Amino acid sequence: MITRKTLVTLTMVIAALGAAGSATVGWHLHTMKASPVKFSHAAWKVKFDAPSDLPRGADVVVLGTAVSSRPGRIAFSQKGEDSVPFEEVTFQVVRGMKGIRSGESVVVERAGGIDYEGHNVFLDADGGLFEIGSTYLLFLKKQEEGNFYYQVNDQGRYKVETGRLVAVSPEDPVAGFFHGKSLTEGMGLIDEFLGRRPVNPPGQQN
């Protein structure tokens with residue numbers, strides 16, 4: 001059963017993220033007993049049906065290295081009884097495949113972090129915290145306000161490990177298509193889906 005506080009939180013996050021242009025439609029947030037950590041799971045508003053739809057539906061597709069993270073805004077419910085924090089993660093673009101050039105930087109906003117009560121809010125549906133120094137293949141949407149981007153959904157993030165793509169949700173048909181493929185093969189398929197040959201190899205700018 002959903003408590004009133006949880007319902008208020010859910011409604012507040014929908015409103016806050018909706019105003020920011022987020023792809024999430026609903027969040028279930030709860031506090032574990034005797035724990036300062038709040039855990040959450042998300043239901044995505046936008047899910048792609050085919051692998052080719054993923055790069056076509058994103059505003060930005062980049063291979064980027066996470067270089068820094070900092071606390072961002074805190075969204076409050078209408079009456080101020082609940083809050084959800086956000087963090088801002090900066091990526092150095094190794095290869096810009098759509099929307100941003102190689103060598104530039106991009107800031108990704110994601111929900112999670114320390115709220116105003118000092119609780120650590122942990123959201124894992126998008127893959128959880130980014131590891132600073134690690135490289136990711138990201139499919140992003142631009143926020144309606146500000147120079148920030150957000151992950152399209154759990155299909156839109158792949159960590160590069162030993163030269164291969166590791167999906168957040170490998171059981172998903174679209175994410176599973178890219179999961180386990182070599183980085184070179186994955187980027188080649190994205191170029192193919194976007195209707196062009198590779199034009200901006202890693203380490204080079206247009």
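Here is what the cut-offs are and how they apply
Residues numbered from 1 in each chain as written. Predicted model: local features only at pLDDT ≥ 70, side-chain atom pairs only at ≥ 80, totals over all residues. Heavy atoms only, no water. Buried < 20%, exposed > 50% of the residue type's maximum accessible area, 1.4 Å probe, protein only. Helix = DSSP H or I, 4+ residues; strand = E, 2+ residues; numbered from the N terminus. Contact = heavy atoms within 4.5 Å. Polar contact = N/O pair within 3.5 Å; in protein donor to acceptor, adjacent residues only side chain to side chain. Phe/Tyr/Trp six-rings, centres within 6.5 Å; stacked < 30°, edge-to-face > 60°. Core = buried A, V, L, I, M, F, W, Y, C linked by side-chain atoms within 4.5 Å.

### Digging into helix 4 (residues 183-193)
Residues of helix 4 that are buried: L183, G186, M187, L189, I190, D191 and F193. Downstream of helix 4 by a residue or two, G195 has a phi angle that is positive, lying close to 75°.

### Quick look at the environment of G133
One can find G133 in the loop between strand 7 (120-123) and strand 8 (135-142). What G133 contacts, discounting residues up to four positions off in sequence, is T65 and A66.

### A short note on unusual backbone geometry
Phi at T162 is positive, roughly 50°, even though this residue is not glycine. Mapped onto the elements, T162 comes out in the loop between strand 10 (157-161) and strand 11 (164-167). Under the relative-accessibility criterion, T162 is labelled exposed at 84%.

### What about the side chain of R110?
Mapped onto the secondary structure, R110 falls in strand 5 (residues 105-111). Given a relative accessible area of 4%, R110 falls into the buried group. Looking at R110, its side chain comes within polar contact range of the main-chain oxygen of G128, at 3.4 Å. Discounting residues that sit within four places of it in the chain, R110 has contacts with F86, E87, L123, D126, G128, L129, F130 and R157.

### Quick notes on the packing of aromatic side chains
Counting across every chain of the model gives 8 aromatic pairs. Look at F91 and F130: their rings are 5.0 Å apart centre to centre, the planes differ by 85°, and that puts the pair in the edge-to-face class. Here F130 lies in the loop between strand 7 and strand 8 and F91 lies in strand 4 (residues 83-98), a separation of 39 residues in the sequence. The pair formed by F91 and F130 is uniform in burial state, with each residue classed as buried. Relative to F178, the ring of F177 has its centre 5.2 Å away and its plane inclined at 90°; by these criteria the two rings are edge-to-face. In this structure F177 comes out as partly exposed when scored by relative accessible area, which is 26%. F178 gets classed as buried once you look at its relative accessible area, which sits at 0%.

### Focus on the side chain of E87
Within the secondary structure, E87 sits in strand 4. Side chain to side chain, E87 and S69 meet in a polar contact 3.4 Å long. Residues in contact with E87, not counting those within four places in the same chain, are S69, R70, P71, G72, V108, E109, R110, G112 and L129.

### What about the nonpolar core?
Ranked by internal contacts, the top residues of the largest apolar core, which has 21 residues, are L54, L137, F139 and Y158. If you list the elements that add at least two residues to this core, you get strand 3 (60-76), strand 8, strand 10, strand 11, helix 3 (173-178) and helix 4. Of the residues forming this core, the biggest block, 5 residues, is contributed by helix 4. Those residues in contact with F139 that sit more than four places away from it in its chain are L54, P55, A58, V60, V61, Y150, Q151, V152, Q155, G156, Y158 and I190. Counting residues in hydrophobic clusters, the runner-up holds 14 residues, among them V62, A66, V106 and F130.

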